[in-house]
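# Notes for the structure review
These are the residues of each chain, in order.
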Amino acid sequence: MTTYAHQFRPSQYTATLLQVIEQQCLDRRMTSVLDIGVGSGVLLAALAKLGAQQLWGVDISEAAVESSERLLGVTQPNVARRLLIGDMWGPLPAEQDFDVILANLPHFPARVSEIDRPPGWTGGDGRLLIDRFIGALPKRLAQSGVAYLTHHDLIGYPQTVRLLESLGLEHRSVLEWTVFESPERIAAVSPEVVKENGQGLRRYGDYVFSNSRILEVSVGR
Ligand SMILES: C[S@@+](CC[C@H](N)C(=O)[O-])C[C@H]1O[C@@H](n2cnc3c(N)ncnc32)[C@H](O)[C@@H]1O
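Residues numbered from 1 in each chain as written. Predicted model: local features only at pLDDT ≥ 70, side-chain atom pairs only at ≥ 80, totals over all residues. Heavy atoms only, no water.

## Looking at the site of the ligand
Close to the ligand lie 17 residues; T14, G37, D59, D87 and N104 are nearest. Measuring from a nitrogen atom of the ligand, one finds a backbone N or O atom of G37 at 2.8 Å. Here D87 contributes a side-chain N or O atom positioned 2.8 Å from a nitrogen atom of the ligand. In the complex, the protein chains occlude 95% of the 600 Å² of accessible area that the ligand would expose alone. Split by residue class, the shell around the ligand holds 8 nonpolar, 6 polar and 3 charged. (Near = heavy atom within 4 Å. Polar contact = N/O pair within 3.5 Å; in protein donor to acceptor, adjacent residues only side chain to side chain. Areas by Shrake-Rupley, 256 points an atom, 1.4 Å probe, with all protein chains shown as cover. Nonpolar A, V, L, I, M, F, W, Y, C, P; charged D, E, K, R; others polar.)

Here it is in structure tokens:
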């Protein structure tokens, strides 16, 4: 049985999030953990290896949930799991909270080719899913819980900080790196977005680089 799903293959963002949770979640108490937009399920497999006891995953794609089910069935057959098809927080029981919540959601602020992104991944203006993710964290993070999300700065880091602060959430940037954007992807971003959020862009002819980060978010006490 192969557990590799090409459609949900890990990206550099997945790998970076993996690096962060391997460093930050080693000694963390993890009764329930969640990956919103679970994809291949590989990040839940990593959290299970780090000691998580109940794995929760949500994805809008049925094929993603099947891939996660297959992967976790092979790598972590004895760890409890609930993998749900649906939109963001929608399929989760209303009162369930989590010790660790992950999100590596589509949020590039432009419509890009289906080679880069399957049609079901709607990032909207880039903020659509990120704002919905952050908006539910005060309710969904357990006491001392923590969330890690991937963040492309072309969606506006100051806007993200304002939203986090308005919700009373603590945050820090745990890892930052530079990402290459192809001419096709950068050409798809509107001039307005570049003007508003493009301060971190560096251009060398047609070679364009931007900033990305992993944010750690927790409930301020
Ligand atoms: C970039 S992939 C990340 C997958 C995996 N977490 C990883 O890091 O490799 C984003 C995932 O979000 C899912 N997704 C997109 N829109 C969603 C939504 N509205 N609700 C839940 N999942 C969504 C996609 O189907 C996809 O599996």
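## Concerning the nonpolar core
Counting 30 residues, the largest nonpolar core has L47 and Y148 as the members making the most contacts within it. Counting only elements with at least two residues in this core, the list comes to α1 (12-24), α2 (42-49), α3 (62-75), β4 (98-103), β5 (141-152) and β6 (169-181). Top contributing element to this core by residue count: α2, with 6 residues. Every residue in contact with L47, bar those within four places of it in the chain, is listed here: I21, C25, M30, V33, A52, V100 and L102. (Core = buried A, V, L, I, M, F, W, Y, C linked by side-chain atoms within 4.5 Å. Buried < 20%, exposed > 50% of the residue type's maximum accessible area, 1.4 Å probe, protein only. Helix = DSSP H or I, 4+ residues; strand = E, 2+ residues; numbered from the N terminus. Contact = heavy atoms within 4.5 Å.)

## Here we look at α2
Within α2, 6 of the 8 residues are buried, which leaves it mostly tucked inside the rest of the structure. Buried-residue contacts for α2 involve α1, β1 (32-36), β2 (54-59), α3, β3 (80-85) and β4. Once α2 finishes, G51 follows within two positions and takes phi at roughly 115°, a positive value.

## Comments concerning the packing of α1 against α2
Look at α1 against α2: their axes get within 10 Å of each other, and the N-to-C directions meet at 15°. Between α1 and α2, the crossing angle belongs to the class labelled roughly parallel. For α1 against α2, the interelement crossing comes out right-handed. Of the residues in α2, those touching α1 at T14, L17, L18 and I21 are V42, L43, A46 and L47. When its residues are assigned to classes, the contact of α1 with α2 shows 7 nonpolar, 1 polar and no charged. (Axes fitted to C-alpha atoms, helices over the stretch in contact; angles between N-to-C directions. Parallel < 35°, antiparallel > 145°, perpendicular 65-115°, else oblique. Left-handed = near helix turned anticlockwise from the far one by under 90°.)

## Quick word on the environment of R172
Tracing the chain through its elements places R172 in strand β6. Of the residues examined, R172 reaches a relative accessible area of 41% and is grouped as partly exposed. Sequence-wise, R172 and V112 are 60 residues apart; in three dimensions their C-alpha atoms are separated by 29 Å. Among residues more than four places away in sequence, those in contact with R172 are Q24, I214, L215 and E216. For R172, the side chain forms a polar contact with the side chain of Q24, separated by 3.3 Å.

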